[in-house]
Amino acid sequence: MKSYEVNFDGLVGPTHNYGGLSYGNVASQSNSQQSSNPKEAALQGLAKMKALMEMGFQQGVLAPQERPDVAALRRLGFSGSDAQVIERAAKDAMPLLVASCSASSMWVANAATVSPSADTRDGRVHFTAANLNCKYHRSIEHPTTSRVLGAMFADQQHFAHHAALPAVAQFGDEGAANHTRFCRDYGQAGVEFFVFGRSAFDTRYPAPQKYPARQTLEASQAVARLHGLSDDGVVYAQQNPSVIDQGVFHNDVIAVGNGEVLFYHEDAFLETDKMLAELDAKLGKRGGNFQSICVPRSQVTVEDAVRSYLFNSQLLSRADGSMLLIVPEECRGNERVWQYLQGLTSSGGLIREVKVFDLKQSMQNGGGPACLRLRVALNQTELAAVNPGVIMTAPLYDTLTQWVDKHYRDRLSENDLADPQLLLECRTALDELTQILKLGAVYPFQIN
Ligand code: SUG
């Protein structure tokens, strides 16, 4: 049976703004307080979805969340009508209002970890929503994420959903941003590669000194257990703590893999040789031929990687077996990175083409092409069981661009977040969106 990697991209929500909320994420910190353009952000994301669909890749869409999250503000003690809750938060605790307005759910690589059916004990596709508990504004995503994923992948015969791990730092889980799957074919058993930043319980593993390591080894192990993965189909590796301290807050800022290929920076991991040997041996036992492309620091520094998001690219397999890299415009703007990419594609290796996308609105918060997509490998039967409303088509693209044009503002700054009208605009837009995507009631305002 034919199998596919389906990319589900996060649709940018109407409150996209630069809140400076992610300590350790250089872009988020340096663009704090700038005014944003939610309409442009959503259209940039949709243009990428459309382009991939037109190139023949399977493409889906993942809905944004209700923001401001009034229920989250109520849990923090703000009361009254919805408008009063927002007004009181704006007056007494602006940082909490900003956090409750974040459109961070657009970076759906952090929504969940997904294991395809060929890897799992019960032969179903498994999803574990990420608790994202390192940052308050992201920790409030997972309940709605679970409902949205449930509405997209509803058929229990094929899909199994797990709630987010316990919401404590020991089980810090950032989803697929630290998870890569290698395989010969999407429908065959593969090797799932979990990268962690620190261990919560084992002091032998070093930890970064400056910025937080968001993903723990214990969280990755729990996800592998929940998904019913076998030991010979899993490899764990530790991210180099010194790159976390240079702004590599997720592994997908320094490495990307697909099929049999890992594309990574020389400084990305600890004990790299041991890790590569284990990946090679385990994939070999599953009929695959593991290949790695190491980008040397002499050509691209960690700083270049963080600024350009070279590794936050989408590595896509084409029908002829060659690969295509989807990179953000910032890669073209960095001389060393661009030169490296020219060399890479002309060397006759696996990666033959680079396509550049303007995702500046998302990039300014540290979200590149790979952050914006959640990969789900599905066979034909499973693909047919996905809610068809979320699969990208030319008419859906047209409908969604019209929807964005109708509902989104083209400028948002911190003061605007206190405007109770923004909440109404957001709810009106999302109510319409759930009908467009045929999701049913998934948002707190639709349920309570
Ligand atoms: O969690 N930025 C996100 C970016 C996530 C990128 N995802 C992956 N690498 N997969 C984060 O740091 C910034 C929000 C703000 O500052 O307004 C933010 O949440």
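Scope of this entry: the structure provided in the associated data block.

Definitions and cut-offs
- Residues numbered from 1 in each chain as written.
- Predicted model: local features only at pLDDT ≥ 70, side-chain atom pairs only at ≥ 80, totals over all residues.
- Heavy atoms only, no water.
- Buried < 20%, exposed > 50% of the residue type's maximum accessible area, 1.4 Å probe, protein only.
- Helix = DSSP H or I, 4+ residues; strand = E, 2+ residues; numbered from the N terminus.
- Arc of directions from axis to C-beta.
- Contact = heavy atoms within 4.5 Å.
- Axes fitted to C-alpha atoms, helices over the stretch in contact; angles between N-to-C directions.
- Parallel < 35°, antiparallel > 145°, perpendicular 65-115°, else oblique.
- Nonpolar A, V, L, I, M, F, W, Y, C, P; charged D, E, K, R; others polar.
- Pairing = 2+ DSSP bridges.
- Salt bridge = Lys/Arg side-chain N within 4 Å of Asp/Glu carboxyl O.
- Near = heavy atom within 4 Å.
- Polar contact = N/O pair within 3.5 Å; in protein donor to acceptor, adjacent residues only side chain to side chain.
- Areas by Shrake-Rupley, 256 points an atom, 1.4 Å probe, with all protein chains shown as cover.
- Phe/Tyr/Trp six-rings, centres within 6.5 Å; stacked < 30°, edge-to-face > 60°.
- Lys NZ or Arg CZ within 6 Å of the ring centre and 35° of its normal.
- Expected span 1.5 Å × (residues − 1).

1. A few points about helix α4 (residues 82–92)
Consideration 1: Those residues of α4 that sit buried are Val85, Ile86 and Ala89. With its buried residues spanning 95° around the axis, α4 presents them on a single face. When the buried face of α4 is taken as reference, the exposed residues oriented beyond 90 degrees from it are Glu87, Lys91 and Asp92.
Consideration 2: Structurally, α4 contributes buried residues whose contacts are with α3 (70–75), α5 (94–101) and α17 (420–436).

2. What to know about the packing of helix α2 (residues 38–54) against helix α16 (residues 394–407)
In a packed pair of helices, the relevant descriptors are the angle between the two axes and the axis-to-axis distance.
Consideration 1: Running from N to C, α2 and α16 cross one another at 175°; their axes reach a closest spacing of 10 Å. Of the possible angle classes, the one that applies to α2 and α16 is roughly antiparallel. Residues Lys39, Ala42, Leu43, Leu46, Ala47, Lys50 and Met53 of α2 lie in contact with α16, whose contacting residues are Ala394, Tyr397, Leu400, Thr401, Val404 and Asp405.
Consideration 2: Of the residues in the contact of α2 with α16, the class split is nine nonpolar, one polar and three charged.

3. A look at the sheet that holds strand β12 (residues 314–317)
Consideration 1: Taken together, three strands build an open sheet; the order of strands is β12-β13-β14 and the sheet is mixed. One side of each edge strand has no neighbouring strand; the edge strands of this open sheet are β12 and β14 (351–357). Across the sheet, the axes of successive neighbouring strands diverge by a mean angle of 25°, strand direction being ignored.
Consideration 2: As paired strands, β12 and strand β13 (residues 323–328) are joined by four bridges and run antiparallel to one another. Counterpart to leucine 316 in the pairing with β13 is leucine 324.
Consideration 3: Against the sheet, helix α13 (residues 335–346) engages β13 and β14, with an angle of about 145° to β14.

4. Remarks on the side chain of glutamine 65
Consideration 1: Among the secondary structure elements, glutamine 65 is positioned in the loop between β2 (59–62) and α3.
Consideration 2: Given the relative accessible area of 6%, glutamine 65 is considered buried.
Consideration 3: When residues no more than four places from it in sequence are discounted, the contact partners of glutamine 65 are Ser105, Ile140, Glu141, Thr144, Thr145, Cys426, Leu430 and Tyr443.

5. A closer look at the pattern of salt bridges
Close approach of charged atoms lets side chains of opposite charge pair.
Consideration 1: Scanning the model with the defined rule gives 26 salt bridges in all.
Consideration 2: Between arginine 332 and glutamate 329 there is a salt bridge, with its nearest N and O atoms 3.0 Å apart. On the criterion of helical spacing, the pair formed by arginine 332 and glutamate 329 is a turn pair, its members being three residues apart in helix α12 (residues 329–332).
Consideration 3: The class of arginine 332 is partly exposed, set by a relative accessible area of 43%.
Consideration 4: Via salt bridges that share partners, Glu66, Arg74, Asp82 and Arg427 belong to a single interconnected network.

6. Considerations on the site of the ligand
Consideration 1: Close to the ligand lie 22 residues; Leu21, Ser22, His137, Asp252 and Cys371 are nearest.
Consideration 2: The separation between a nitrogen atom of the ligand and a polar side-chain atom of histidine 250 is 2.9 Å.
Consideration 3: Burial of the ligand by the protein amounts to 100% of the accessible area it has alone, namely 490 Å².
Consideration 4: Class assignment of the residues belonging to the shell around the ligand gives a composition of seven nonpolar, 12 polar and three charged.

7. Here's the deal with the packing of aromatic side chains
Consideration 1: Taken as a whole and judged by the stated rule, the model has 16 aromatic pairs.
Consideration 2: Considering the side-chain rings of phenylalanine 263 and phenylalanine 311, the 5.1 Å spacing of their centres and the 40° angle between planes classify their relative orientation as tilted. With a gap of 48 residues between them, phenylalanine 263 in strand β10 (residues 261–265) and phenylalanine 311 in the loop between α11 (302–308) and β12 connect regions that are remote in the sequence. Of the two residues, phenylalanine 263 and phenylalanine 311, both sit in the buried class.
Consideration 3: Pairwise contacts between aromatic rings join Phe182, Phe193, Tyr264, Phe269 and Phe290 into one cluster.
Consideration 4: Over the aromatic face of tryptophan 338 sits the side chain of arginine 332, whose NZ or CZ is 5.7 Å from the ring centroid.

8. Focus: α2
Consideration 1: Here α2 is 17 residues long and its end C-alpha atoms lie 24 Å apart, about the 24 Å a rise of 1.5 Å per residue gives.
Consideration 2: Inspection of α2 places Pro38, Ala41, Ala42, Gln44, Gly45, Leu46, Lys48, Met49, Ala51, Leu52 and Met53 among the buried residues, and these make up the whole buried set.

9. Things to note about the pairing of strand β1 (residues 3–10)
Consideration 1: Counting buried positions along β1 yields eight of eight residues, so the element is predominantly enclosed.
Consideration 2: The alternating pattern of β1 places Ser3, Glu5, Asn7 and Asp9 and Tyr4, Val6, Phe8 and Gly10 on opposite faces, both of which are buried.
Consideration 3: Across seven bridges, the pairing between β1 and strand β15 (residues 373–379) is antiparallel. Bridged to phenylalanine 8 within β15 is leucine 374.
Consideration 4: Bridge count between β1 and β2: four bridges; the pairing is parallel. Across the sheet, phenylalanine 8 pairs through a bridge with glycine 60, a residue of β2.

10. What about the sheet that holds strand β7 (residues 191–196)?
Strand pairing in a sheet relies on backbone hydrogen bonds, with the paired strands running either antiparallel or parallel.
Consideration 1: Strand order in this open sheet of three strands is β6-β7-β8, and the pairing throughout is mixed. Both edges of this open sheet fall to β6 (179–182) and β8 (234–238), since each of them pairs with a single strand only. In this sheet, neighbouring strand axes are inclined to one another by 20° on average, regardless of whether the strands run parallel or antiparallel.
Consideration 2: The pairing of β6 with β7 spans four bridges and is classified as antiparallel. By the bridge assignment for β7, phenylalanine 182 is matched with valine 191.
Consideration 3: Packed on one face of the sheet, helix α10 (residues 272–285) meets β6, β7 and β8 and runs near 170° to β8.

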